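# Understanding the architecture of this molecule
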Amino acid sequence: MKKICFVNGSPRGEKSCSQYYIDSVKQLFDIEKNRTHVIISTASLKKKNNFEDFKIMAESENIIFSFPLYIDSIPSHFLEFLYQFEKYNKVSERNAINKLPRIYAIINNGFIEGHQNKNAARIMYHYASRIGLTWRFAIGIGAGEFMMTSKKNIPIQSKMKLCIHEAFLKLKKDIESNEVLCENNIFTNPKMPKKLFMFMGDRHWVQRARKNKIRKKELYNKPIK
Amino acid sequence: MAILLISDNNHNSIIEKSVTKIKMLLDKGGYQYKHYEIANKKLNHCIGCFSCWLKTPGICIFNDIASEIAKDYVKSDVAIFISNIRYGTYSVPIRRVLDRQIPNILPFFEKVNNEIHHSSRYNNYPEFVVVGCGEDISDFEIETFKSLADANAINFKKEKAFVYVCRAVRDIDETVQSLENHFSQWGITRNEKNLLC
Ligand SMILES: Cc1cc2nc3c(=O)[nH]c(=O)nc-3n(C[C@H](O)[C@H](O)[C@H](O)COP(=O)(O)O)c2cc1C
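Residues numbered from 1 in each chain as written. Chains lettered and ligands numbered in written order. Predicted model: local features only at pLDDT ≥ 70, side-chain atom pairs only at ≥ 80, totals over all residues. Heavy atoms only, no water.

Once that is clear, we can look at the overall build of chain A. Regarding its fold elements, chain A presents 9 helices and 6 strands. Relative to the compact-globule value of 17 Å for 225 residues, chain A shows a C-alpha radius of gyration of 18 Å, a close match. Judged by the C-alpha coordinates and their principal axes, chain A covers about 60 × 45 × 30 Å. A burial count over chain A gives 57% of its 225 residues as buried. When contacts within chain A are restricted to residue pairs at least 6 apart in sequence, those whose partners lie at least 24 apart make up 80%. Within the structure as shown, chain A displays about 10,900 Å² of accessible surface, and the carbon and sulfur contribution to it stands at 52%. Charged side chains of chain A number 40 positive and 21 negative; the gap between the two group centres comes to 9 Å. (Helix = DSSP H or I, 4+ residues; strand = E, 2+ residues; numbered from the N terminus. Rg over C-alpha atoms; globule rule 2.2 N^0.38 Å. Buried < 20%, exposed > 50% of the residue type's maximum accessible area, 1.4 Å probe, protein only. Contact = heavy atoms within 4.5 Å. Areas by Shrake-Rupley, 256 points an atom, 1.4 Å probe, with all protein chains shown as cover. Lys, Arg positive; Asp, Glu negative; His and termini not counted. Charge placed at Lys NZ, Arg CZ, Asp CG, Glu CD.)

This part is about the pattern of salt bridges. Residue and element names in this part refer to chain A. Using the criterion set out here, one finds 23 salt bridges over all chains in the structure. Where D53 meets K47, a salt bridge forms, and the shortest distance between an N and an O atom there is 2.9 Å. Residue D53 is classed as buried on the basis of its relative accessible area of 7%. By relative accessible area, K47 is classed as partly exposed at 40%. Two residues, K194 and E113, come together in a salt bridge whose shortest N-O distance is 2.9 Å. Here the residue K194 occupies a position in helix 9 (residues 194–211), and E113 occupies one in the loop between strand 4 (102–108) and helix 6 (118–130), the gap between them amounting to 81 residues. Overlapping salt bridges, with partners in common, bring together R12, E145 and R208 in one network. (Salt bridge = Lys/Arg side-chain N within 4 Å of Asp/Glu carboxyl O.)

On to the pairing of strand 5 (residues 134–141) of chain A. On a regular strand, one side chain projects to one face of the sheet and the next to the other, so that they alternate. All names here are of chain A. Counted residue by residue, strand 5 has 7 buried out of 8 residues, so it is predominantly covered. Here 6 bridges tie strand 4 to strand 5, and the two strands are oriented parallel to one another. Among the inter-strand pairings, I106 is bridged to a residue of strand 5, identified as I139. Between the parallel pair strand 4 and strand 5, the chain is carried across by helix 6, and the sense of this crossover is right-handed. Of the strand pairs in this sheet, strand 5 and strand 6 (residues 186–188) are connected by 3 bridges, and their pairing is parallel. Note on strand 6: the bridge partner recorded for G140 is F187. (Pairing = 2+ DSSP bridges. Right-handed = clockwise from strand over helix to strand, strands pointing away.)

Let us now look at the interface of chain A and chain B. Opposite the 49 residues of chain A that make contact, chain B presents 55 residues. Together, the buried faces of chain A and chain B total about 4,800 Å²; carbon and sulfur atoms form 62% of this surface. Looking at the side of chain A facing chain B, the largest losses of area belong to A:I71, A:W205 and A:I224, adding up to 15% of the total buried there. The tally of links between chain A and chain B comes to 5 salt bridges. The salt bridge partner of B:R96 is A:E80, with a shortest N-O separation of 2.6 Å. (Buried area = accessible area lost by both parts, 1.4 Å probe.)

Quick look at the site of the ligand now. Close contacts around the ligand come from 22 residues, with A:S10, A:C17, A:S18, A:N108 and A:E145 the closest. More than one chain reaches the ligand: the nearby residues come from chains A and B. Between an oxygen atom of the ligand and a side-chain N or O atom of A:R12, the distance comes to 3.0 Å. A distance of 3.4 Å separates an oxygen atom of the ligand from a polar side-chain atom of B:N155. A total of 650 Å² of accessible area belongs to the ligand in isolation, and the protein chains cover 97% of it. Contributing elements (two or more residues each) for the shell around the ligand: helix 1 (17–26) and helix 7 (144–149) of chain A. Here the shell around the ligand is built from residues that sort into 9 nonpolar, 9 polar and 4 charged. (Near = heavy atom within 4 Å. Polar contact = N/O pair within 3.5 Å; in protein donor to acceptor, adjacent residues only side chain to side chain. Nonpolar A, V, L, I, M, F, W, Y, C, P; charged D, E, K, R; others polar.)

The next thing to look at is the pairing of strand 2 (residues 33–37) of chain B. Residue and element names in this part refer to chain B. Here strand 1 (residues 3–7) runs beside strand 2; their pairing, made up of 5 bridges, is parallel. Paired with I3 across the strands is Y33, a residue of strand 2. Each parallel crossover has a hand, and for strand 1 linked through helix 1 (residues 13–29) to strand 2 it is right-handed.

With that settled, the discussion passes to the state of the cysteines. This model, assessed by the stated rule, comprises 0 disulfides over all chains. This cysteine, A:C5, is not joined by any disulfide, and A:C17 carries the nearest cysteine sulfur, 19 Å off. On the basis of relative accessibility, which here comes to 0%, the residue A:C5 falls in the buried class. With no disulfide of its own, B:C52 lies closest to B:C60 among cysteine sulfurs, the gap being 6.2 Å. The class of B:C52 is buried, set by a relative accessible area of 8%. (Disulfide = S-S within 2.5 Å.)

If you want it as structure tokens, here you go:
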């Protein structure tokens, strides 16, 4: 039995692409044989005492941090959460000895190129090293808004998104094995031409703005004079 | 405004001395600048609602120092961020300010170096300058920090970032000197009128 703790690092909480990926990975595990837990970082930060959350994290064998890329890095509230966990972890001797939990990251970004998550993946590596836990690897996935809005119409196992599903399977295998199976970060994204992504993306923003009664022209406003 | 200085002076003596020395340079030279010290200030974090793109284009739903900074940002020629470096990234307050910059760009996409990024909302953006401080930073963390700052600069519509790292007090003078050497390249001139007063 493996103890797996997922941490959602999106400011959008449960209505996020980060959560969609947590759900996708979670369902790969046999719930009879493994114990999973999900912590939402925004909710945890609001608690007066979130030590309970940190205790669950520290006592897991694996932590999977799932968060969005914000300006090539980690969203500020989630960074704050990571600082707090570091502080908590310093007090926990058990972790210093066995270097558990093992740390994984699923990072999702808006632009199509999954490799734009490379700096954030390294930051998570530095984080794990600094707090003395075992770093495993990151999966960086592009086109987050597209992935989330198309999750019903284009399932994750469809040809276009299969590479993401396969990355999740690698993660699962790595967690289930006691060996080190995957050494490197995986950067991936749905397979589509960049031109099509740009066209669809631009149209997506215009359509969403229209729901707020904002015309396309107004999206270009320059309020700062 | 020529120079926008944003510091989070809440971590170590290197940051404190860097802020003091950079301000001395600016005061002495009569450079026009505005300084925001954001340590311990109330700053809302971006909640990812995209209102600044889709409801009130160009304006964040929060009204605090971070939105003031975002306004001043596009009116500046140079923006200098002074932060500690931890895990190869910025401090939490500086990260808050950076995340809250997205009203200044458009939701629409364009290609830069064959990668997709957002298009500019405004015609001009300041040079993106970062001074990263801290005694205990590994070489690898510095490499990450520089790579991160360059990526940030691209998202903030500049080709590259200017990054200075101060691991010890002795690095500060070199940083200040280099900043001054760059000012003319960035189109910043001494304000003789200010000098006279
Ligand atoms: C403040 C902010 C900064 C962002 N910065 C980046 C970025 O640097 N690169 C990128 O590809 N996407 C960026 N995005 C887009 C998000 O990563 C993308 O929308 C993601 O899918 C959101 O995931 P979530 O639903 O899990 O929060 C940014 C979004 C916001 C709100």
